[in-house]
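Geometric and topological summary
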Amino acid sequence: LAQLFLCAASVTDHCERLPPFVNSLGFGRSLDADRLYLVEYMFYSQAGFYIFEVRVTRDMVLKAFYISGMAIFYFATKVMAAGF
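Each chain has its residues counted from 1, running along the sequence as written. This being a predicted model, a pLDDT of at least 70 is required before a residue's local features are given, and a value of 80 or more before pairs of side-chain atoms are given or counted; all residues contribute to the totals for chains, interfaces and linings. The side-chain quantities take in all heavy atoms of the structure and omit both hydrogens and water.

Some thoughts on unusual backbone geometry
Comment: phi is negative for the bulk of residues other than glycine, and the bulk of peptide bonds are trans. You will see that Q46, though not glycine, has its phi angle at about 55°, which is positive. Put simply, DSSP H or I for four residues or longer makes a helix, DSSP E for two residues or longer makes a strand, and each gets a number counted from the N terminus. Positionally, Q46 belongs in the loop between α2 (33-45) and β1 (50-51). Relative accessibility decides the category of a residue: with a 1.4 Å probe and only protein chains considered, values under 20% of the type maximum give buried, values over 50% give exposed, and everything between is partly exposed. A relative accessible area of 34% places Q46 in the partly exposed class. At E53, a position not held by glycine, the phi torsion is positive, near 60°. With respect to the secondary-structure elements, E53 resides in the loop between β1 and β2 (54-55).

Below is the structure:
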């Protein structure tokens, strides 16, 4: 499950880096209006991987792992303390 979320975040990261890459491509003309429109469309469409209309980013996934780890540690220490 963790690998799945990290792969989804990777898709979103790749989509964030694509507009600057397309903008850096040169096709012989100094100012290409079609390329400008394409880059703007890619930027404003906010392409990526969404779960329940929330964009999955690497930061969000790592934050969820951190919070889950803290919750597991909290409950594990409560169970260990109650057992003694």
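So much for the structure itself; the text now carries on.
Here's the deal with the packing of aromatic side chains
When the centres of two rings from Phe, Tyr and Trp lie within 6.5 Å, Trp using its six-membered ring, the rings pair. Their planes under 30 degrees apart give stacked, over 60 give edge-to-face, and anything left gives tilted. Inspection of every chain in the model, using the stated rule, returns two aromatic pairs. With a centroid separation of 5.1 Å and an interplanar angle of 75°, the aromatic rings of F43 and Y44 are classed as edge-to-face. The exposure class of Y44 is exposed, given its relative accessible area of 63%. When the ring of Y74 is compared with that of F75, the centres are 5.2 Å apart and the planes differ by 70°; the resulting orientation is edge-to-face. For F75, a relative accessible area of 55% translates into the label exposed.

A short note on a nonpolar patch on the surface
Together, L6, L62 and F65 make up a nonpolar patch on the protein surface, roughly 240 Å² of accessible area in all. As for its position among the elements, F65 is in helix α3 (residues 58-83). The patches described consist of residues with a relative accessible area above 30% and no salt bridge, like charges being joined within 9 Å and nonpolar side chains (Val, Leu, Ile, Met, Phe, Trp, Tyr) within 5 Å. The protein chains shown are the only cover counted for residues, whose accessible areas, like all others here, come from Shrake-Rupley with a 1.4 Å probe. In the sections that follow, a salt bridge refers to a side-chain nitrogen of Lys or Arg positioned within 4 Å of a carboxyl oxygen of Asp or Glu.

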